[in-house]
Amino acid sequence: SSGMLQRLQASGVTASPLLAAVLSTNFLMVGAAMVLLVVTAVLRTGTDPSLAALAATGMIGFTLMSSVGLLLASRFKNAQTASAASGLVVGLLTVMATPVPNIADETARLAVTLTPTGALTESFRAALNGADAQSLSFVLPVAAGWALLLLVLAARFFRWENDRG
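All of these numbers come straight from a predicted model, not from anything done at the bench.

Colleague: Now, about the overall build of the protein: what can you tell me, with residues and values included?
Modeller: Secondary structure assignment for the protein yields 7 helices and 0 strands. Each helix (α) and strand (β) of the protein, taken in turn from the N terminus, gives the series α-α-α-α-α-α-α. For the protein, long-range pairs separated by at least 24 residues make up 73% of all intrachain contacts whose partners lie at least 6 apart in sequence. Total accessible area computed for the protein in this model is approximately 9700 Å², and 68% of it derives from carbon and sulfur atoms.

Colleague: A description of the environment of Phe76 should follow, citing residues and the corresponding values.
Modeller: Assignment of secondary structure puts Phe76 in the loop between helix H3 (51-75) and helix H4 (79-95). What makes Phe76 partly exposed here is its relative accessible area of 25%. Taking the C-alpha atoms as reference points, Phe76 and Phe158, separated by 82 residues in sequence, lie 9.8 Å from one another.

Colleague: Can you lay out the layout of surface pockets for me, pointing to particular residues and giving the numbers?
Modeller: It is the rolling of a water-molecule-sized probe over the atoms that shows where space remains empty. Taken as a whole, the second largest pocket holds about 220 Å³ of empty space. Lining the second largest pocket are Phe27, Val30, Gly31, Met34, Val35, Val38, Leu51, Leu54, Ala55, Gly58 and Met59. Contributing elements (two or more residues each) for the lining of the second largest pocket: helix H2 (15-45) and H3. Examining the composition of the lining of the second largest pocket, we find that 6 residues originate from one element, H2, more than from any other. When grouped by side-chain class, the residues that make up the lining of the second largest pocket number 9 nonpolar, 2 polar and no charged.

Colleague: Help me get a handle on the environment of Ser137, residues and values and all.
Modeller: Relative to the helices and strands, Ser137 resides in the loop between helix H6 (116-128) and helix H7 (139-157). What makes Ser137 exposed here is its relative accessible area of 53%.

Colleague: Requested: an account of the nonpolar core, with residues and values cited.
Modeller: Ranked by internal contacts, the top residues of the largest apolar core, which has 17 residues, are Ile60, Leu120, Leu136, Leu140 and Ala143. Elements that contribute at least two residues to this core include exactly H3, H6 and H7. With residues near it in sequence (within four places) discarded, Ile60 still touches Leu120, Leu140, Ala143, Ala144 and Ala147. Within the second largest apolar cluster, 13 residues are counted, among which are Leu19, Leu23, Phe62 and Ala85.

Colleague: An account of H7 is needed here, citing residue identities and associated values.
Modeller: Structurally, the α-helix is built with 3.6 residues per turn, so residues lying three or four positions apart point the same way. The end-to-end C-alpha distance of H7, which contains 19 residues, comes to 27 Å, matching closely the 27 Å that a straight helix rising 1.5 Å per residue would cover. Of the positions making up H7, those classed as buried are Val139, Leu140, Val142, Ala143, Ala147, Leu150 and Ala154. The arc that holds the buried residues of H7, viewed along the axis, is 165 degrees, so those residues lie on one side. Residues of H7 that are exposed and angled more than 90 degrees away from the buried face: Leu148 and Arg156.

About the thresholds
Residues numbered from 1 in each chain as written. Predicted model: local features only at pLDDT ≥ 70, side-chain atom pairs only at ≥ 80, totals over all residues. Heavy atoms only, no water. Helix = DSSP H or I, 4+ residues; strand = E, 2+ residues; numbered from the N terminus. Contact = heavy atoms within 4.5 Å. Areas by Shrake-Rupley, 256 points an atom, 1.4 Å probe, with all protein chains shown as cover. Buried < 20%, exposed > 50% of the residue type's maximum accessible area, 1.4 Å probe, protein only. 1 Å grid on protein atoms, 1.4 Å probe; cavity = no way out; pocket = protein on both sides within 12 Å on 5 of 7 lines; lining within 4 Å. Points joined across faces, edges and corners; volume = space filled by probe spheres on them. Nonpolar A, V, L, I, M, F, W, Y, C, P; charged D, E, K, R; others polar. Core = buried A, V, L, I, M, F, W, Y, C linked by side-chain atoms within 4.5 Å. Expected span 1.5 Å × (residues − 1). Arc of directions from axis to C-beta.

The following block contains the structure:
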């Protein structure tokens, strides 16, 4: 991978267009996978999900999780270290994704909803149960805020491999 980064660096490509290209390509692949998953879920369960809310949550969720990956990749010198760190971060994010209806305490419920994956979990749960995007006016902006913050940090901290210390 260092050869590819050296070629990109020599070409004059800056971090922002590179990150945009990575996100765009991955977004198309994840979008296709989400369509297949939603169609399969609807056919198997007979639920009537809100497609607009699912699409909004899916786009925000994709951006959020890609931003986490890009931020991790931007800070580590090699793939092994980035992979180990991502395993730890994904584990932590998974713990934070406790479904909100399963939490009895109102303060704990709000705290979980304010985490990146807690907001996504709540958004997906509600959208799959037919909630429209309007009724997700709290959790979607929380998830979008996290996605934007992490994407800005990834772009800010991105370094070409030989620039990292």
